[in-house]
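Breakdown of the fold
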Amino acid sequence: MTQLVLPNDTNQLGNLLGGRLMEWMDIAAAICAQRHCNRICVTAAVDELVFHQPIRIGEVVTLQASVNRAFATSMEVGVNVTAENQLTGLRKTANTAYLTFVAVDDRRHPVNVPRIVPQTPEEKRRYAEALKRRTDRLKRRHAVKH
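The paragraphs below set out a description of the structure included in this document. Note that the structure is a prediction, hence the values are computed from the model and not measured. (Residues numbered from 1 in each chain as written. Predicted model: local features only at pLDDT ≥ 70, side-chain atom pairs only at ≥ 80, totals over all residues. Heavy atoms only, no water.)

**Digging into the overall build of the protein**
Within the protein one finds 2 helices and 5 strands. For the protein, the succession of helices and strands along the chain, N to C, is β-α-β-β-β-β-α. When its C-alpha atoms are laid out on the principal axes, the protein stretches across 45 × 35 × 30 Å. Every one of the 146 residues in the protein was classed for burial, and the buried ones make up 38%. The positive charge centre, built from 21 side chains, and the negative charge centre, built from 14, are 5 Å apart in the protein. (Helix = DSSP H or I, 4+ residues; strand = E, 2+ residues; numbered from the N terminus. Buried < 20%, exposed > 50% of the residue type's maximum accessible area, 1.4 Å probe, protein only. Lys, Arg positive; Asp, Glu negative; His and termini not counted. Charge placed at Lys NZ, Arg CZ, Asp CG, Glu CD.)

Below, the structure is given as structure tokens:
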């Protein structure tokens, strides 16, 4: 997904608003999850949202999303955000995040999603790391409930 940072998207310093970027990331990740399972997917969690560098007005933002791993009814989607100054050609990694989505049916009940079979070393790394993040996420959720 590609976006141009316009004045209405920025704060008083001319930087992209964090909330606007989070919205774009959620949309890109949702599209990715829905393409994977051909179902409506809802956001269940957002974690490890990291703002590496500010994104300036006039820069072009590219959001790349990929399903790292599918579980029973949920999947982790990683999003990498690159900002590009079109005048200089300079590109920078600006943000990264991991979002969890749940696929739902017409009655909004969770449904099973297709599995991921990683092929490349990079896919295998992301696949393994997604399980660790899920385990940590579930531990945190359990700790908050108790």
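Now that the structure is up, let's keep going.
**Describing the nonpolar core**
Membership of the largest hydrophobic core comes to 30 residues, with the highest contact counts inside it found for L21, I55, L63, M75, V77, V81 and F101. Going through the elements one at a time, α1 (18-37), β3 (60-70), β4 (74-84) and β5 (91-104) are the ones with two or more residues in this core. Looking at this core element by element, the count peaks at 9 residues for α1. Residue contacts for M75: discarding those within four places in its chain leaves A33, H36, C37, C41, V67, R69, A70, L99, T100, F101, A103 and V113. (Core = buried A, V, L, I, M, F, W, Y, C linked by side-chain atoms within 4.5 Å. Contact = heavy atoms within 4.5 Å.)

**A look at the sheet that holds strand β2 (residues 40-51)**
One open sheet holds the 5 strands; their spatial order is β1-β3-β4-β5-β2, and the pairing between them is antiparallel. The open sheet has two free edges, formed respectively by β1 (2-4) and β2, since each of these has just one partner strand. If you compare each strand with its neighbour and ignore which way they point, the axes differ by 25 degrees on average. Looking at chain direction, β4 and β5 are connected through 11 bridges and run antiparallel. By the bridge assignment for β5, M75 is matched with F101. On the sheet, α1 packs against β1, β2, β3, β4 and β5 and is oriented at approximately 45 degrees with respect to β3. Contacts from helix α2 (residues 121-145) reach β2, β3, β4 and β5, with the element oriented near 80 degrees to β3. (Pairing = 2+ DSSP bridges. Axes fitted to C-alpha atoms, helices over the stretch in contact; angles between N-to-C directions.)

**Regarding the pairing of β3**
Bridge analysis of β1 against β3 gives 3 bridges, and the strand direction is antiparallel. Residue pairing in the sheet places L4 in a bridge with V60 of β3. Where β3 meets β4, 10 bridges bridge the pair, whose relative direction is antiparallel. Along β4, the bridge assignment pairs R69 with E76. If you look at the hairpin formed by β3 and β4, you'll find 3 residues sitting between the two strands.

**So, unusual backbone geometry**
For N38, which is not glycine, the phi torsion reads 55 degrees and is therefore positive. Here N38 lies in the loop between α1 and β2. The backbone phi angle of R108 is positive, close to 65 degrees, even though this residue is not glycine. Mapping R108 onto the fold places it in the loop between β5 and α2.

**Quick word on α1**
With 20 residues, α1 extends 29 Å between its outermost C-alpha atoms, agreeing within 8% with the 28 Å of an ideal straight helix rising 1.5 Å per residue. When α1 is considered as a whole, its buried residues turn out to be L21, W24, M25, A28, A29, A30, C32, A33 and C37. Each element contacted by the buried residues of α1 is listed here: β1, β2, β3, β4 and β5. Following α1 by one or two positions, N38 has its phi on the positive side, about 55 degrees. (Expected span 1.5 Å × (residues − 1).)

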